[in-house]
Number of protein chains: 2
Amino acid sequence: MSVVVQKYGGSSVATIEKIKNVAQTLIKRSKEGNQLVVVVSAMGDTTDDLISLAKQISSNPDKRELDALISTGEMVSAALLAMALKEQGYDSVSYTAYQIGMKTSGQHGKSLIDDMDGVKISESLKDGKIVIIAGFQGINEDGDITTLGRGGSDTTAVAIAVKLTGICEIYTDVDGIYSVDPRKYKEARKLMVIDYEEMLELASLGAQVMHSRSIELGQKYRIPIYVGLSNSDIRGTIIEEVTEMNMESKPVTGIATSDEDVAVTLKEISADINILSSLFETIAARKINIDMISQTAPINGGVNVSFTIPKDDLNECMEIIKNYAEAQNIFIDTDITKFSMVGIGMKTTSGVAAKMFRLFSENNIEVKMITTSEIRITCAIKQEDKIKAIEIVAKEFNL
Amino acid sequence: MSVVVQKYGGSSVATIEKIKNVAQTLIKRSKEGNQLVVVVSAMGDTTDDLISLAKQISSNPDKRELDALISTGEMVSAALLAMALKEQGYDSVSYTAYQIGMKTSGQHGKSLIDDMDGVKISESLKDGKIVIIAGFQGINEDGDITTLGRGGSDTTAVAIAVKLTGICEIYTDVDGIYSVDPRKYKEARKLMVIDYEEMLELASLGAQVMHSRSIELGQKYRIPIYVGLSNSDIRGTIIEEVTEMNMESKPVTGIATSDEDVAVTLKEISADINILSSLFETIAARKINIDMISQTAPINGGVNVSFTIPKDDLNECMEIIKNYAEAQNIFIDTDITKFSMVGIGMKTTSGVAAKMFRLFSENNIEVKMITTSEIRITCAIKQEDKIKAIEIVAKEFNL
């Protein structure tokens, strides 16, 4: 019998009625001959409600205690789902992080899973139980309760699938991964398959369907991850290693856009590599995430450098920059959309960038900056050009 | 530095404002040079709210999962109180049952504390922390979460005081233990001191101030327990061993009454001891709690037997009784108040029962049944006589 690890998000267990529906879906699946381990998030807005209690005490609540507080949301939904299964005559048991030895390390609020003890789960499965796990939480080496960050239950589910060598299914309120955000491009196509790396690029570019670390973990241990709608027969998307066998033979798989950055340009800064690296290190030390960087060739020992940073970090970043450039040589551009095309097929297909430039040029879309990775091309364009860019690229690459 | 274990009930931590007030009280107490361990109940009606969620799933929710569910209430208040202390600049840490190895056995929903690991608490106290403990919960030998029953946080607090050889203070929404329920007798006096056994008798007779097992535990290990109002300077009551030194030299300490029972009388039942014991064993096997039993001397091999049982169990009990007595020989009296006088002084003072009978006789109060223990006299009287009985006994014995 194969082990299936499922994860249900907060919207799927938001009410008692929905929890009962999930229980019915699980029973059907169990009757099909699967051993089920089910990871749940907290009901609906529970986590936000708990955080709001903490915020009434402190604008910056103690992180150990905040983790102890918000981890209770998942314990509640796990116990209720196990109860609902038992009420419907199916044996079930719920476990918290410490009961399955879900060991984590790192900072509170964004801990990383190191290992877990699969024995308790395996024994319960052998006893014919549907096993329910409180997601999002772990225990660190001091025995303190930790949490994995927003969306961390995805990572709980993949970690358990790794440990039990099962398959992993993430049920949520979207019916799969789309080539383009359907709110921005109505004709967006749902993908049947997407490669781990493509999904990681899309997730880091603002497509907030999945917890990034869950995808990294799936990729590392080659666990296919299904993403789809809960309690529905609509087919979702499988995240797995894309080979020539399952590749949809297209260079571009998806588009992601983000309006959250600004571009900073420094003119005539010294071309001395020590000065530039000192600037970027100082910015990084403040945990400010520099993304796109471009630099012109040096003329008379000076270069022009442009880079993007999150809007929210602009003021803090300016404090640093003032030590490296004269005020009249600092230019800020807030009219920036980061437009990214992602596709594992770019590794083997050339001319994607050239095709994009031709399209943009024909449609008078100005490209302000550009960066590329092996499977991604990102341009900074004007925000007013965003929808036009999505449409022409989606049509050209059949997304 | 002496260890003080305090417990705050649900009403004392019902809102964020009240939690902040408790934090301030703790800081004041800490500055007086005490090491503080603080056990908290769930905020306000949280436990009832969680039970109501479970009841929407099942009229009889699985008991293991119900414990997993309702134990989260105390984790929430513990984390919030630790947060509030840290926000006010005092180092604090919250622990759940598993973190302090609070080992229990017995049934879910009414587990008993077997032992605990005091090391983590002691180390945190040595580090200068105020230690907050989620009350009411434990871990059984399977590693499952258990709860101790309504009011179980009292027992958590006493158990910790035993382990750390500290003193125990229970803070609640009443300002102490009264000789008589002040709602029934306005002139009731608050007791400065009450003996463990007296308190146990009063608790079992319907005075619901304290969890009975917390008193038993305090008695077993001779831990004095203070009961009083939270965040107040009003002096409460100390539960401890009453000796001639601290005894208030009165035979009767308190009165308790209960209207929750009915009296069953069986006429002309066989005096064969096997038949009577079989009847009572069968009733006990159904977990029906028989309280007062009286039996007349046998005449012609038959006796009359009366006993009281909880009203709610009458129907179930009748099913059993029908096998032991003819219908015309079974009499039910629903007009019963159990009136109890409790006092450790009864051990050494004779004539208390005689004085009570004289009072009742002078005031035309009919005594239907009577039972006694070493420190208690209980009569079944008519419900209409209850208030009169309280007043005349309270006046006579200066309560």
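Residues numbered from 1 in each chain as written. Chains lettered and ligands numbered in written order. Predicted model: local features only at pLDDT ≥ 70, side-chain atom pairs only at ≥ 80, totals over all residues.

1. Re the overall build of chain A
So, point 1. The helix and strand inventory of chain A stands at 12 helices and 20 strands.
So, point 2. A compact globule built from 399 residues should have a C-alpha radius of gyration of about 21 Å, and chain A, at 24 Å, falls within 12% of that.
So, point 3. Each principal axis of the C-alpha atoms in chain A carries an extent, and together these give about 80 × 50 × 30 Å.
So, point 4. Pairs at least 24 residues apart make up 74% of the contacts formed inside chain A by residues separated by at least 6 positions. (Helix = DSSP H or I, 4+ residues; strand = E, 2+ residues; numbered from the N terminus. Rg over C-alpha atoms; globule rule 2.2 N^0.38 Å. Contact = placed C-beta atoms within 7 Å.)

2. Here's the deal with the interface of chain A and chain B
So, point 1. Contact residues are listed per partner, giving 25 residues for chain A and 25 residues for chain B.
So, point 2. Contributions of two or more residues to the side of chain A that touches chain B are made by α2 (46-57), α3 (63-70) and α4 (72-87) of chain A.
So, point 3. For the side of chain A that touches chain B, the element with the most residues is α4 of chain A, which contributes 10 residues.

3. Examining the packing of helix α2 (residues 46-57) of chain B against helix α3 (residues 63-70) of chain B
All names here are of chain B.
So, point 1. Their axes nearest at 9 Å, the elements α2 and α3 cross at an angle of 140 degrees. With respect to α3, the axis of α2 lies oblique. With respect to the hand of their crossing, α2 and α3 are arranged in right-handed fashion. Counting all contacts with α2, which are made through T47, L50, I51 and A54, the residues of α3 involved are L66, L69 and I70.
So, point 2. Here the residues of the contact of α2 with α3 are counted per class, giving six nonpolar, one polar and no charged. (Axes fitted to C-alpha atoms, helices over the stretch in contact; angles between N-to-C directions. Parallel < 35°, antiparallel > 145°, perpendicular 65-115°, else oblique. Left-handed = near helix turned anticlockwise from the far one by under 90°. Nonpolar A, V, L, I, M, F, W, Y, C, P; charged D, E, K, R; others polar.)

4. Section: the relation of the copies chain A and chain B
So, point 1. With an axial shift of 0.0 Å and an RMSD of 0.2 Å, the rotation relating chain A to chain B amounts to 179 degrees. Here the copies are linked by what is in effect a two-fold axis. The position closest to the rotation axis in chain A is occupied by the C-alpha of T72 of chain A, lying 2.8 Å away.
So, point 2. Looking at chain A, 100% of its interface residues are interface residues in chain B too, so the copies touch through the same face. (Least-squares fit on C-alpha atoms with pLDDT ≥ 70 in both.)

5. Points about the sheet that holds strand β13 (residues 254-258) of chain B
Note: strands within a sheet are paired through backbone hydrogen bonds, in either parallel or antiparallel orientation.
Residues and elements named next belong to chain B.
So, point 1. Read from one edge to the other, the open sheet built from four strands follows the order β13-β18-β20-β19, with strand pairing classed as antiparallel. Strands with a single pairing partner mark the edges of an open sheet, and in this sheet they are β13 and β19 (367-373). When strand polarity is set aside, the average angle formed by the axes of neighbouring strands in this sheet is 15 degrees.
So, point 2. As paired elements, β19 and strand β20 (residues 376-381) share six bridges and run antiparallel to each other. By the bridge assignment, T371 is partnered in β20 with T378.
So, point 3. Helix α12 (residues 386-396) contacts β13, β18 (337-342) and β20 of the sheet and is inclined by roughly 170 degrees relative to β13. (Pairing = 2+ DSSP bridges.)

6. Quick word on the pairing of strand β14 (residues 261-270) of chain A
All names here are of chain A.
So, point 1. Sheet topology places β14 next to strand β16 (residues 302-310); eight bridges connect them, and they run antiparallel. Across the sheet, the residue bridging to V264 is F307, located in β16.
So, point 2. In the sheet, β14 pairs with strand β17 (residues 330-333) via four bridges, with the strands oriented antiparallel. Bridge pairing in β17 links A263 to D333.

7. Things to note about the packing of helix α11 (residues 352-362) of chain A against helix α12 (residues 386-396) of chain A
Residues and elements named next belong to chain A.
So, point 1. Interaxial distance between α11 and α12 falls to 10 Å at its minimum, and their mutual angle equals 135 degrees. Put simply, α11 runs oblique to α12. Between α11 and α12 lies a crossing of right-handed hand. Across the interface between the two elements, K355, M356, L359 and F360 of α11 pack against A389, I392, V393 and E396 of α12.
So, point 2. A class-by-class count of the residues in the contact of α11 with α12 yields six nonpolar, no polar and two charged.

8. Describing helix α5 (residues 119-126) of chain A
Residue and element names in this part refer to chain A.
So, point 1. If you check which residues of α5 are buried, you get I121, S124 and L125. Along the axis of α5, the buried residues cluster in a sector spanning 100 degrees; they form a single face. Opposite the buried face of α5, by more than 90 degrees, sit the exposed residues V119, E123 and K126.
So, point 2. Residues of α5 that are buried in the fold lie against β1 (3-8), β2 (35-40), β3 (92-95) and β6 (130-134).
So, point 3. Backbone geometry just after α5 places G128 at a positive phi near 85 degrees. (Buried ≥ 20, exposed ≤ 12 C-beta atoms within 10 Å, placed from the backbone. Arc of directions from axis to C-beta.)

9. Some words on the domain arrangement of chain A
Many authors give the size of an interface as the accessible area that is lost as the parts come together.
So, point 1. For chain A, the assigned domains read domain 1 (3-248) and domain 2 (261-333).
So, point 2. Its C-alpha centre places domain 1 of chain A at a distance of 39 Å from the equivalent point of domain 2 of chain A. (Domains from an automatic or database assignment.)

10. So, the sheet that holds β14 of chain A
Residues and elements named next belong to chain A.
So, point 1. Taken in spatial order, the four strands line up as β15-β16-β14-β17 in an open sheet, and their pairing is antiparallel. Unpaired on one side and paired on the other, β15 (293-295) and β17 mark the two borders of the sheet. Taking each pair of neighbouring strands and ignoring which way they run, the sheet shows an average axis angle of 15 degrees.
So, point 2. Here helix α10 (residues 314-321) sits on the sheet and contacts β14, β16 and β17; the angle it forms with β14, its principal contact strand, is near 5 degrees.

11. Regarding the environment of V352 of chain B
Residue and element names in this part refer to chain B.
So, point 1. Here V352 is to be found in helix α11 (residues 352-362).
So, point 2. The class of V352 is partly exposed, set by 17 C-beta atoms lying within 10 Å.
So, point 3. Along the sequence, V352 and T237 sit 115 residues apart, while their C-alpha atoms lie 25 Å from each other.
So, point 4. Each residue touching V352, except ones within four places of it in the same chain, is listed here: P251, V252, M346 and I377.

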